[in-house]
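Working through the structure, step by step
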Amino acid sequence: REEGLRPSPVSHVLCDFGTSRLAETVHCDLQPVDAEVTYITSQVSEGCVAQVPNATVEVHILFLESSRELSELELTLQKAQQNGTRPREVLLVLGANKNMLLRLQAPGIALNLAFNPKLIFQGHPGVNTTQLPPFTTKKQFLDWAETKGPIASIAELNDPQSILLRLDQAPRAPSSCNLEPLKDMGHTLEWSPLTPPSVRGCRLEGVPGHKEAPRTVTVKVELRCASGDPDAVLILQGPPYVSWLIDANHNMQIWTTGEYSFKIFPEKNIRGFVLPDTPQGLLGEARRLNASMVASFVELPLASVVSLQAHSCGRGLQTSPPPVRTTPPKESCNQELLLSLIQPKCSEDVMTVVLKKDLISTLKCTITSLTFSDPRCHAEDRDDQLVLRSAYSSCGMKVTENVVRNEVVVNLLSSSSPQWKKVHCINMDSLSLQLGLFLSPHFLQASNTIELGQQGFVQVSMSPPIPELVLQLDSCHLDLGPDVDTVELIQSQTAKGSCVSLLSPGPAGDVRFSFLLRGYMVPTPTPGTLSCTVALRSRSLSPDVHRTISLRLNIVSPGLPDKGLVLPAVLGITFGAFLIGALLTAALWYIYSHTREYPRPPNASSSNH
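Residues numbered from 1 in each chain as written. Predicted model: local features only at pLDDT ≥ 70, side-chain atom pairs only at ≥ 80, totals over all residues. Heavy atoms only, no water.

The name an unreviewed UniProt entry assigns to the protein is Endoglin, from the organism Ursus maritimus. Taken directly from UniProt, the Subcellular location (unreviewed entry) text for the protein runs: "Cell membrane". (UniProt positions renumbered as here; feature names shortened; annotations may be inferred.)

Dropping the structure here:
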């Protein structure tokens, strides 16, 4: 190199996967710079992947940890085509610690989505949803999920912005999912963080150099410098098995571990170098290459895609404090997220909408007015929140037999037109729940008698059906009196034991399950009481409404003369009696018709007398 005829190069140090304390031998005071770094990674805080080849339902669990009071998540599910095989049902369980708006893409996947109340999901065609109880620990989520099917993957992610979850079987994964810290999820999961990593830079003391340094460090390197092309070095450090594919719009010296290639010649691999695995060592490497400054230095987790861009690389590193901005930048209000926070709560014939001011500020929104459809009904300003409330009889409420509807109107400083959000409350007074026992899976004729060893089919229905209200079965048990232990059938929305099965909902959303009443459950024929607790869930109900309904049953043993008759027995006896009667009648008619004597006609001689 002709080092005496050109300025010293500037260095970009990228992807130091170790984290050790910076030593003092290389004088470099790393300071934040205004470069932008984005990346996609498969490494999660905690996770596991398992093979579940024979499962009819595969379960995936994502724990979403956010540092913001409100955030937005893009979640995409992908599944390879299964030629000639029946597609498996997928249950995705999401647990969020803060308010999070979910945008979901799951093309062609039979998906069941279960999530806790912190997650805001507006619905998606073809996706069945279940709102979980307000679990507070991972164990509660895991215990609930394990009752639904074998767990194929678990991952905990900090501040995710987008997630890609692939549902294909991991070929070398174990048969069970055991959580590991700092787990590389491989092909199963990729994600990008909401918060960008810190990018720093410094001048290397004792090395002359005058040319301005670019402000980006990237595997896809994009330099746009008005002052011309700088002489640059890109240093990429990672594990020895990592190869680098570099897509750069600028000529630069490449210094990497492992092997690297360029996007324009991907088949030509170039062997890299053995580089230090500490920040101190990498800074020393930059100085050894005669770099005048470290324009960018960033530490990332093991990533699959890294992109760094700079568009102001002509000024170099700041040697004095930057000028103070006198005019604040124009920030736009996230109106969609704001409207998603409008969730009415209903109680005692009153609809209430509460918006917290800190969340409004987080979304960069300034609300000038908040009203119902009747503009005379304004929100009250109460310290840290805006409260809009009205009785069902005023403020433009539209009251039907079961649902009370209105609209919330939001006027924003940043918008000339108001934003509208439809809201509703459910009138619980006119709602009734029915608990029925059936002796066939067709649910045609209810019964109050069941034999030992017979399968029973239970249905909980709501009248009248209300589309805005979700009915969920929390628990069911069979009470057989004070001298017999209670038979638990459903606990925490899950079946207890192999004799109980949760069934698909009925056409009107009725909750259904079946159970087999074995002899050891009930020692003697006895009356019993079937009791079920159901949760009525809607975004307008806070908290959820729980109701318990009961049904008296006669539990009888097969073969007892005084046990009473169940419906199949009645039908069988009736048909048998009819058949026997018909056969007897036919037999008697046959005997009669073949044995009776017909009268003889009178003689001709007797007629002459």
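Still to come is the rest of the account.
1. What to know about the overall build of the protein
The helix and strand inventory of the protein stands at 6 helices and 42 strands. Across the 609 residues that make up the protein, the buried fraction comes to 45%. Sequence separation of at least 24 residues holds for 70% of the intrachain contacts in the protein that already meet a minimum separation of 6. Surface summary for the protein: the accessible area is close to 32,900 Å², and the carbon and sulfur share equals 53%. (Helix = DSSP H or I, 4+ residues; strand = E, 2+ residues; numbered from the N terminus. Buried < 20%, exposed > 50% of the residue type's maximum accessible area, 1.4 Å probe, protein only. Contact = heavy atoms within 4.5 Å. Areas by Shrake-Rupley, 256 points an atom, 1.4 Å probe, with all protein chains shown as cover.)

2. A few points about the sheet that holds strand β7 (residues 89-96)
Pairing in this open sheet of 7 strands is mixed, and the strands run β11-β9-β7-β5-β12-β4-β14 from one edge to the other. Each end of this open sheet is capped by a strand with a single partner; those strands are β11 (127-131) and β14 (180-184). Across the sheet, the mean angle separating the axes of adjacent strands is 25° when strand polarity is ignored. For β7 and strand β9 (residues 111-115), the ladder comprises 5 bridges, and the chain directions are parallel. For V90, the partnering residue across the bridge sits in β9 and is L111. (Pairing = 2+ DSSP bridges. Axes fitted to C-alpha atoms, helices over the stretch in contact; angles between N-to-C directions.)

3. Examining the sheet that holds strand β39 (residues 500-503)
With antiparallel pairing, 4 strands are arranged side by side in an open sheet as β33-β35-β40-β39. Each of the sheet's edge strands pairs with one partner strand only, and the pair in question is β33 (432-438) and β39. Adjacent strand axes in the sheet meet at a mean angle of 20°, parallel and antiparallel pairs treated alike. Relative to strand β35 (residues 455-463), β33 is paired through 7 bridges, and the arrangement is antiparallel. Residue pairing in the sheet places F438 in a bridge with F457 of β35.

4. A word on the state of the cysteines
The final tally for this structure, using the stated rule, is 5 disulfides. Covalent S-S linkage joins C377 and C395, the inter-sulfur distance amounting to 1.9 Å. For the disulfide bridge between C377 and C395, the dihedral angle about the S-S bond is near -95°, and by the sign convention the bridge is left-handed. Of this pair, C377 sits in the loop between β27 (367-372) and β28 (380-382) while C395 sits in the loop between β29 (385-391) and β30 (398-399), and the two are 18 residues apart along the sequence. The same class applies to C377 as to C395, namely buried. (Disulfide = S-S within 2.5 Å.)

5. Overview of the pattern of salt bridges
Counted under the stated rule, the structure contains 13 salt bridges. The closest approach of N and O atoms between R103 and E72, which form a salt bridge, is 2.2 Å. Placement of the pair is R103 in strand β8 (residues 99-105) and E72 in strand β6 (residues 70-78), with a sequence separation of 31 residues. The partner of D381 in a salt bridge is K357, with the nearest N and O atoms 2.4 Å apart. Highlighted residues: D381 in strand β28 and K357 in helix α4 (residues 357-362), separated in sequence by 24 residues. (Salt bridge = Lys/Arg side-chain N within 4 Å of Asp/Glu carboxyl O.)

6. What about the environment of C532?
For C532, the position within the fold is in strand β41 (residues 526-537). The exposure class of C532 is buried, given its relative accessible area of 0%. For the pair formed by C532 and H477, sequence separation is 55 residues and the distance between their alpha carbons is 6.6 Å. Those residues in contact with C532 that sit more than four places away from it in its chain are L435, L473, S475, C476, F513, R547, T548 and I549.

7. Examining the nonpolar core
Of all hydrophobic cores here, the largest spans 36 residues; its most connected members are L473, L489, F513 and F515. Every element with two or more residues in this core is listed here: β33, β35, β36 (470-479), β37 (487-491), β40 (511-516), β41 and β42 (545-556). Those residues within four positions of L473 in sequence are excluded, and the remaining contacts are V460, I490, Q493, V511, F513, C532, T533 and V534. (Core = buried A, V, L, I, M, F, W, Y, C linked by side-chain atoms within 4.5 Å.)

8. A look at helix α1 (residues 138-146)
If you check which residues of α1 are buried, you get F141, L142, W144 and A145. Buried residues along α1 cover an arc of 165° about the axis, so they all sit on one side. Those residues of α1 that are exposed and aimed more than 90 degrees away from the buried face are K139 and E146. Against the buried residues of α1 lie β5 (57-65), β7, β9, β12 (151-158) and β38 (494-495). (Arc of directions from axis to C-beta.)

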